[in-house]
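Overview (structure and organization)
Letter by letter, the chains look like this.
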Amino acid sequence: ADCRYTCHQECRSRIQLDCRRPGQCQSQLSPESTLLPPCTQNVTQTVEEEKPKPLTIQEIKQKIEKYNAKVTNCLLMKLNDDGTYTGFIKVHLKLRRPVTVPAGIRPQSIYDALKEVNLANMTDKRTSFYLPLDAIKQLHISSMTTVSEVIQGLLKKFMVVDNPQKFALFKEMRKDGQVLFQKLPLTEYPLYLRLLAGPDTDVLSFVLKENETGEVEWDAFSIPELQNFLMILDKEEKEKIQQVQRKYEKFKQRLQQTLKEARGKPG
């Protein structure tokens, strides 16, 4: 109200106000009173939720029946005799950085998948490329499959040889026009979350993203990866320079046009 300080909600815990105005003390201002109002547009936030209580076998059976009744694409869940169950999840790949893959390797065949042939081990040559933006991969997993295993399975399907620790699985939810993300712990069970949420991907979907842990550990990247990062930074820098140049060029043209029109007018 006084210093007009604003911050995002997720930054609240990092804010330390130090108001030096006469008659004001820090205790009179709090981060809660300086938050930006909720935005009605789609935004990305990190949300924390309480972990649901484990379900009994009977509850799991009822939820699977309810889940399958809503399925429209034949991707049903199946309950096993031991209380575990299997089903499908879809993972959106939203990776901003290039991934490292073996160079000169043919695509994986059904035979390779059945025999669990690791094509990445057939060559030491590596190359980097961008995965298609927002690509979707469908996985058949069990209720005992963890987030860590899902990440490793995705990397294996795309023959990505990067360290799995560079990636994280998020659950994406939509609420009140907002897009909310929550990073899942490696020990979480995605199929269990899918069962609780139902088959509607608008209610819950899974997203593979880079594992943003704060400071970048550059030692974890290979030399080709680091060289690619430099190329990307050079490209982004040139694009930013061009944007600024175009902005001021348009401004210059408008000024020149205004001056030209003003020369023919008195005063």
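Every value quoted in this text rests on a predicted model; they were computed, and no experiment measured them. (Residues numbered from 1 in each chain as written. Predicted model: local features only at pLDDT ≥ 70, side-chain atom pairs only at ≥ 80, totals over all residues. Heavy atoms only, no water.)

**Things to note about the pattern of salt bridges**
Put simply, the test is: For this document, the term salt bridge refers to a Lys or Arg side-chain nitrogen within 4 Å of an Asp or Glu carboxyl oxygen. Secondary structure is summarised from DSSP: a helix means a run of H or I of at least four residues, a strand means a run of E of at least two, and numbering begins at the N terminus for each.
In total, this model carries three salt bridges according to the counting rule given. For Lys94, the salt bridge goes to Glu172, with nearest N and O atoms at 3.4 Å. Here Lys94 is found in the loop between strand 3 (85-93) and strand 4 (99-102), whereas its partner Glu172 is found in strand 7 (residues 167-175), with 78 residues between them in sequence. Its salt-bridge partner being Asp162, residue Lys166 comes within 3.6 Å of it at the nearest N-O pair.

**Quick look at the environment of Asp162**
Applied cut-off: Here a residue-residue contact requires only that any non-hydrogen atoms of the pair lie within 4.5 Å.
Following the sequence through the fold, Asp162 ends up in the loop between helix 3 (147-157) and strand 7. C-alpha separation for the pair Asp162 and Thr100, spaced 62 residues apart in sequence, amounts to 5.8 Å. Not counting the four nearest positions on each side in its chain, Asp162 is found in contact with Val99, Thr100, Leu155, Phe167 and Glu225.

**Examining helix 3**
Note the following rule: Partly exposed describes any residue whose relative accessible area lies between the buried limit of under 20% and the exposed limit of over 50%, with all areas from a 1.4 Å probe on protein chains only and scaled to the type maximum. Of all possible arcs, the one meant is that of the directions from the helix axis to the C-beta atoms.
Buried within helix 3 we find Val147, Val150, Ile151, Leu154 and Leu155. Taken around the axis of helix 3, the buried residues stretch over an arc of 130°, which confines them to a single face. Close packing links the buried residues of helix 3 with strand 3, strand 6 (135-142), strand 7, helix 4 (190-197) and strand 9 (205-210). Met159 sits one or two residues past helix 3 and shows a positive phi near 55°.

**Some words on the packing of aromatic side chains**
For the record, the criterion: Any pair of Phe, Tyr and Trp rings, taking the six-membered ring for Trp, is counted once the centres come within 6.5 Å. Such a pair is stacked with planes under 30 degrees apart, edge-to-face with planes over 60 apart, and tilted for the rest. Two conditions define a charge located above a ring, namely a distance within 6 Å from the ring centre to NZ of Lys or CZ of Arg, and an angle within 35 degrees of the ring normal.
Counted under the stated rule, the structure contains one aromatic pair. Ring geometry for Phe170 against Phe181: centres 6.4 Å apart, planes inclined by 85°, an arrangement best described as edge-to-face. Linking Phe170 in strand 7 with Phe181 in strand 8 (residues 178-183), this pair joins segments that are 11 residues apart in sequence. Taken as a pair, Phe170 and Phe181 share a single burial class, namely buried. Taking the ring centre of Phe158 as reference, the NZ or CZ of Lys137 above it sits at 5.9 Å. Across from the ring centre of Phe181, 4.4 Å away, lies the NZ or CZ of Lys209, which sits over that ring.

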